[in-house]
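Given next are the chains, with one letter for each unit.
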Amino acid sequence: MPTSEPPSSVLAYQVGVFVLVRQRDTYLLVRPRVPLLPGGLHSLPGLILDSNSGSNVVESQLRRALLTQAGIAVAELRLVGSHAGRGVQSGAGEARLNLIFGSEYCSGILNPRADELLGAEWMNAEQLSRAGVPEYLLAAVREFETSIAPASAPEPAGRFPRLFGKPR
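What counts and how
- Residues numbered from 1 in each chain as written.
- Predicted model: local features only at pLDDT ≥ 70, side-chain atom pairs only at ≥ 80, totals over all residues.
- Heavy atoms only, no water.
- Pairing = 2+ DSSP bridges.
- Helix = DSSP H or I, 4+ residues; strand = E, 2+ residues; numbered from the N terminus.
- Phe/Tyr/Trp six-rings, centres within 6.5 Å; stacked < 30°, edge-to-face > 60°.
- Buried < 20%, exposed > 50% of the residue type's maximum accessible area, 1.4 Å probe, protein only.
- Expected span 1.5 Å × (residues − 1).
- Arc of directions from axis to C-beta.
- Core = buried A, V, L, I, M, F, W, Y, C linked by side-chain atoms within 4.5 Å.

*Asks:* Can you help me understand the pairing of strand E6 (residues 94–108) in this one?
*Replies:* Looking down a regular strand, the side chains alternate between one sheet face and the other. Of the strand pairs in this sheet, strand E4 (residues 72–74) and E6 are connected by 3 bridges, and their pairing is antiparallel. Within the sheet, the bridge partner assigned to Ala-73 lies in E6 and is Ser-107.

Below you can see the structure in the form of structure tokens.
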């Protein structure tokens, strides 16, 4: 006797892309008018991808969103985190995968668009913790910081590493 699974309540599957921008030791957090990420007042600049977005979707759309939402440009984008959730926006059975890309601030003057954002500010790691940002965002910050950490300096050419004891 075959068993059938109950119909899924998921109506749509979405992909959100967001950018974690670092300037020196601070990160850009925004307060959107319509939250796209779960977890409180603070969020990251970004957007929900449209299936008709064309080629090079993530990078070009994310750069455009950052420029229009906050007025700044960034360097290379690196995937540093993700978060999956159901009912993220309206609670009507949507499922969404949110991808977080890390990048260094390049240029522009922080100028949040009032029709999209209530505010934007740079916060250091301690301020992020006090602001109560969700764990998935703190994990993305940690991942970004370790992904950009400089490798240990190589030994100078022509020298052999010391195996034991003091040099003579």
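*Asks:* How do you make sense of the packing of aromatic side chains when you look at a structure like this?
*Replies:* For any pair of aromatic rings, geometry is given as the distance between the ring centres together with the angle between the planes. Under the counting rule described, the total for this entry stands at 1 aromatic pair. Their ring planes at 85° and their centres at 5.9 Å tell us that Tyr-105 and Trp-122 sit as a pair that is edge-to-face. Of this pair, Tyr-105 sits in strand E6 while Trp-122 sits in strand E7 (residues 117–124); the two residues are 17 residues apart in sequence, bridging distant segments of the chain. With relative accessibility at 23%, the residue Trp-122 sits in the partly exposed group.

*Asks:* I'm lost on helix H1 (residues 57–70) in this one. Help?
*Replies:* An α-helical segment advances 3.6 residues per turn. Residues three or four places apart therefore align on the same side. Taking 1.5 Å as the rise per residue, H1 with 14 residues should run 20 Å; its terminal C-alpha atoms sit 19 Å apart, in good agreement. Looking at H1, one finds that the buried residues are Gln-61, Leu-62, Ala-65, Leu-66, Gln-69 and Ala-70. Buried residues along H1 cover an arc of 135° about the axis, so they all sit on one side. Looking one or two residues past H1, Gly-71 carries a phi angle of roughly 80°, positive in sign.

*Asks:* Teacher, can you tell me more about the nonpolar core here?
*Replies:* Note on soluble globular proteins: their nonpolar side chains tend to be buried together. Counting 18 residues, the largest nonpolar core has Leu-20, Leu-29, Leu-44, Ile-100, Leu-128 and Leu-137 as its most contacted members. Elements that contribute at least two residues to this core include exactly strand E1 (12–23), strand E2 (26–32) and helix H3 (135–147). If you tally residues by element for this core, the top one is H3, at 6 residues.

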